[in-house]
Amino acid sequence: MTEASSSSNTFLYDVFLSFRGEDTRHNFVDHLRDDLREAHLNTFFDDDEIETGDDLRPELERAIKESRASIIVLSPNYASSTWCLDELVFILDQRLTSNQLVIPIFYHVEPTHVRKQDGSFGVAMAAHKQRMEAEVNLEKRSELAKKINRWNKALTEVAQFKGMDARGRKETDLIEEVITNIQHRLGGHLQSNLPLLFGMEDSIESITSWLKDGSSHNADILTIVGVSGIGKTSLARHVHGLYYHLFAKSSFIESISEKCAAQVNGLLDLQKQILSDISKTSQIHFHNNLACISTIEIGLTRKKVFIVLDDIDSVDQMHALLGKKGLYPGSKIIITTKDASLLGRYAQINFSVKPKHRNLLLKGLNEKASLQLFSHHAFMSNGSSEGYEEMSKQLMVYCEGNPWALKILGENLCDKTVAEWEDIVIRLTEETDSHIMKSLPMRFLHSLCLLEKVEEFKVEILEKVGVYKEGILEEVKVFTVEDFTEEILDDVEEFKDEILNNAEEFKDDILDGAKKYTKKFIAWFE
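Residues numbered from 1 in each chain as written. Predicted model: local features only at pLDDT ≥ 70, side-chain atom pairs only at ≥ 80, totals over all residues. Heavy atoms only, no water.

As recorded in an unreviewed UniProt entry, the chain goes by the name TIR domain-containing protein, listed as coming from Deinandra increscens subsp. villosa.

**Some thoughts on the overall build of the chain**
Let me state the cut-off plainly: Counting from the N terminus, the helices are DSSP H or I runs at least four residues long and the strands are E runs at least two residues long. Throughout, exposure labels follow a simple rule: accessible area from a 1.4 Å probe, protein chains only, divided by the maximum for the residue type, with under 20% read as buried, over 50% as exposed, and the rest as partly exposed. The criterion used for residue contact is that any of the two residues' heavy atoms lie within 4.5 Å. Note on areas: Shrake-Rupley with a 1.4 Å probe; residue coverage comes only from the protein chains shown.
In terms of helices and strands, the chain carries 27 helices and ten strands. Counting the 526 residues in the chain, one finds 49% classified as buried. When contacts within the chain are restricted to residue pairs at least 6 apart in sequence, long-range pairs at least 24 apart make up 78% of them. Entry remark: accessible area of the chain is about 25,800 Å², with carbon and sulfur atoms responsible for 49%.

**Notes on the side chain of Lys 147**
The test is simple: Polar contact criterion, stated in full: a pair of N or O atoms within 3.5 Å, where within protein one must be able to donate a hydrogen and the other to accept it, and residues adjacent in sequence count only if both atoms are side-chain atoms.
Within the secondary structure layout, Lys 147 lies in helix α7 (residues 138-158). Since its relative accessible area comes to 10%, Lys 147 is described here as buried. Only 3.3 Å separates the side chain of Lys 147 from the side chain of Asp 86, close enough to count as a polar contact.

**A word on the pattern of salt bridges**
The condition is simple: Salt bridge, as used here: a side-chain nitrogen of Lys or Arg that lies within 4 Å of a carboxyl oxygen of Asp or Glu.
According to the stated counting rule, one finds 15 salt bridges in the structure shown. For Glu 110, the salt bridge goes to Arg 167, with nearest N and O atoms at 2.8 Å. With Glu 110 in the loop between β4 (101-106) and α5 (111-116) and Arg 167 in the loop between β5 (164-165) and α8 (171-186), the pair connects residues that are 57 residues apart, well separated along the chain. Across the salt bridge formed by Lys 332 and Asp 220, the nearest N and O atoms sit 2.9 Å from each other. Highlighted residues: Lys 332 in strand β9 (residues 332-337) and Asp 220 in strand β6 (residues 220-225), separated in sequence by 112 residues. Comparing Lys 332 with Asp 220, the two get one shared label, buried.

**Description of the side chain of Gln 317**
Among the structural elements, Gln 317 can be located in helix α14 (residues 315-322). With near-sequence residues (within four places) excluded, Gln 317 lies in contact with Ile 256, Ser 257, Cys 260, Leu 267, Asp 311 and Ile 312.

**A closer look at helix α17 (residues 389-399)**
Just so we agree on the cut-off: The reported arc concerns the directions from the helix axis to the C-beta atoms and nothing else.
Taken together, the buried positions of α17 are Met 391, Ser 392, Leu 395, Met 396, Tyr 398 and Cys 399. One side of α17 holds all its buried residues, which, seen down the axis, span an arc of 160 degrees. Projecting away from the buried face of α17 at angles above 90 degrees are the exposed residues Glu 390 and Val 397.

**As for helix α9 (residues 201-212)**
The line we're drawing: A helix is expected to span 1.5 Å for every residue after the first.
Across its twelve residues, α9 extends 16 Å between first and last C-alpha, which sits within 8% of the 16 Å expected from 1.5 Å per residue. Buried residues of α9: Ser 203, Ile 204, Ile 207, Thr 208, Trp 210 and Leu 211, and no others. The arc enclosing the buried residues of α9, seen along the axis, measures out at 165 degrees, which places them on a common side. Within α9, the exposed residues directed more than 90 degrees away from the buried face are Glu 201, Asp 202, Glu 205, Ser 209 and Lys 212. Close packing links the buried residues of α9 with β6, α10 (232-243), β8 (305-309), β9 and β10 (356-361).

**So, the packing of aromatic side chains**
What counts is decided by this rule: In this scheme Phe, Tyr and Trp rings, the latter by its six-membered ring, pair at centre separations within 6.5 Å, and the angle between planes marks the pair as stacked below 30 degrees, edge-to-face above 60, and tilted otherwise. For a ring to carry a charge above it, either NZ of a lysine or CZ of an arginine must fall within 6 Å of the ring centroid while also lying within 35 degrees of the normal to the ring plane.
This model, assessed by the stated rule, comprises ten aromatic pairs. Measuring from ring centre to ring centre gives 5.4 Å for Phe 16 and Phe 44, while their planes differ by 5 degrees; the resulting arrangement is stacked. Linking Phe 16 in strand β1 (residues 13-18) with Phe 44 in strand β2 (residues 43-44), this pair joins segments that are 28 residues apart in sequence. For the pair Phe 16 and Phe 44, a shared accessibility class is recorded, and that class is buried. An angle of 65 degrees between the planes, with centres 5.6 Å apart, marks the rings of Phe 379 and Tyr 388 as edge-to-face. For the pair Phe 379 and Tyr 388, a shared accessibility class is recorded, and that class is buried. Within the aromatic cluster, the residues linked to one another by ring pairs are Phe 374, Phe 379, Tyr 388 and Trp 421. In this structure, Lys 332 is placed above the aromatic ring of Trp 210, and the distance from its NZ or CZ to the ring centre is 4.9 Å.

**Focus: the nonpolar core**
Applicable threshold: The term nonpolar core refers to a set of buried residues drawn from Ala, Val, Leu, Ile, Met, Phe, Trp, Tyr and Cys, joined through side-chain atoms within 4.5 Å.
Counting residues in hydrophobic clusters, the biggest one holds 48 residues, and the most contacted among them are Ile 71, Ile 182, Ile 207 and Ile 334. Tallying contributions element by element places α8 first for this core, with six residues. For Ile 182, the contacting residues outside a window of four places in its chain are Val 15, Leu 36, Leu 41, Ala 69, Ile 71, Leu 101 and Ile 103. Ranked by size, the runner-up nonpolar core spans 34 residues in total, among them Leu 60, Ile 72, Trp 151 and Phe 161.

**Quick word on the packing of α9 against α10**
Keep this limit in mind: Where helices are involved, their axes are fitted lines through C-alpha atoms of the stretch in contact, as for all axes, and angles between N-to-C directions lie from 0 to 180°. Each angle receives one of four descriptions, namely roughly parallel if under 35 degrees, roughly antiparallel if over 145, roughly perpendicular if within 65 to 115, and oblique otherwise. By the definition used in this description, the sense in which the near helix is turned from the far one sets the handedness, with an anticlockwise turn below a right angle giving left-handed and a clockwise turn giving right-handed.
α10 packs onto α9 with a crossing angle of 45 degrees between their chain directions and a minimal axis gap of 11 Å. Overall, the two elements α9 and α10 adopt an arrangement that is oblique. As α9 packs across α10, the resulting crossing turns out to be right-handed. Note on element contacts: α10 touches α9 through Leu 235, His 238, Val 239 and Tyr 243, opposite Ser 203, Ile 204, Ile 207, Thr 208, Leu 211 and Lys 212.

**Points about the sheet that holds β6**
Spelled out, the test is: Note: two strands are recorded as paired if DSSP finds a minimum of 2 bridges between them.
Spatial ordering of the open sheet is given by β7-β8-β9-β6-β10, a layout of five strands whose pairing is parallel. Among the strands making up the open sheet, the edge pair consists of β7 (249-253) and β10. Going from strand to strand, the sheet's axes swing by 10 degrees on average, the running direction of each strand aside. Pairing between β8 and β9: four bridges, direction parallel.

Following this line, the structure appears as structure tokens:
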């Protein structure tokens with residue numbers, strides 16, 4: 001259990017920032033907030049500079065309760081704000097009741113002045129006491145006296161914590177230390193922000209062991225290989241969220257192949273993203289890939305990094321994002337791909353110092369995990385509802401443990417009647433048994449059978465489906481891990497006709513549906 005963990009709390013934020021706006025909003029705290037968010041720490045920052053009322057706003061109380069940690073920036077005018085003092089009292093209460101992590105920063109103030117209420121803190125507390133003594137309403141006067149007593153105790157208490165002193169230090173160095181400290185003590189992302197995984201415990205354990213193995217003086221690369229929808233991206237994002245804080249810098253570059261294909265400068269944009277994550281050269285303007293590669297290489301050789309490159313499909317993409325000068329010792333790179341041979345082909349000709357490398361082949365979920373995942377989306381529970389058990393088992397067989405297919409089926413069947421379920425099961429079981437159709441991406445079959453369709457699809461689908469032959473050729477490399485690539489290649493010329501025949505067969509289904517699915521359905525064929 002990490003220092004700030006709690007089994008009973010559901011947190012929305014990693015960090016709550018408590019600060020005096022007039023002292024630090026437009027300088028130190030502004031930079032601290034930006035760097036916390038850049039470090040993937042979800043940070044609550046109150047943008048309201050106007051204090052109204054005597055009590056702490058309810059939304060601020062909620063934000064403090066929903067934060068795993070609080071950073072208190074104790075600046076010269078902090079104690080002059082009753083809101084800041086109320087925040088401080090509430091934060092220290094959360095430290096006792098919820099084990100909240102509290103980190104004070106003494107921003108150009110003496111810790112002893114905070115503890116003893118001397119200097120600017122003494123002046124501020126004297127002003128509060130003077131206001132209390134001038135209060136003619138006895139009830140309000142008594143309440144203010146109690147508050148002042150709580151404020152004094154809170155200031156004395158927080159000044160005794162192990163904090164950070166800003167005096168005589170570069171603010172950039174101080175902020176970097178704060179972030180490193182809080183990442184280490186919090187132990188990774190909020191669990192609620194991580195992808196929900198079923199049946200992947202063994203894979204998570206294997207990658208965790210690999211990530212924490214510090215015995216290697218070389219960098220390590222792990223390739224997660226598997227077919228579309230098998231959970232490569234979700235698994236990589238999950239472990240990245242858990243362990244990015246163990247490294248000096250980290251980066252998660254998602255959907256690389258898709259972004260490169262969709263935009264003229266897609267690869268250059270991804271290079272800029274990785275540079276922004278691992279170095280301080282993000283403000284430099286690059287106009288071509290080659291200029292960017294050399295800067296990336298410098299960043300990768302200077303610090304221990306943890307990088308995820310998601311959905312890589314070419315050696316050119318690898319070269320653009322990793323270069324060829326090698327990696328800093330202890331760095332970890334995760335690559336997700338459908339092509340198990342990709343890294344081997346790249347490493348042979350590029351890395352001057354060959355990294356250690358291993359493959360992790362993801363296969364379909366077992367029956368128990370499949371049912372849990374499917375039921376989570378179909379019934380919002382861990383098991384089937386009464387009357388749906390047998391049909392759920394039939395759908396498990398159809399999906400063959402593919403998490404994406406289970407999710408899509410579950411979402412489409414959620415809140416449907418038994419009769420509607422039965423109709424879907426019949427459609428799916430009546431599909432062709434040919435090995436070609438079984439080899440097609442499951443999204444094609446689901447789009448035909450699950451989505452309600454409309455009249456205007458008839459022409460569009462028959463036009464769109466003809467170009468799907470190229471899409472299948474793109475998918476062929478997936479099946480290298482299943483050793484039947486040649487079988488598909490032998491029959492590839494027949495794909496177009498067979499798909500068209502099946503599309504014609506489903507024409508009646510296409511005529512029956514609702515217009516709201518037009519864009520979604522056509523998108524399957526883009």
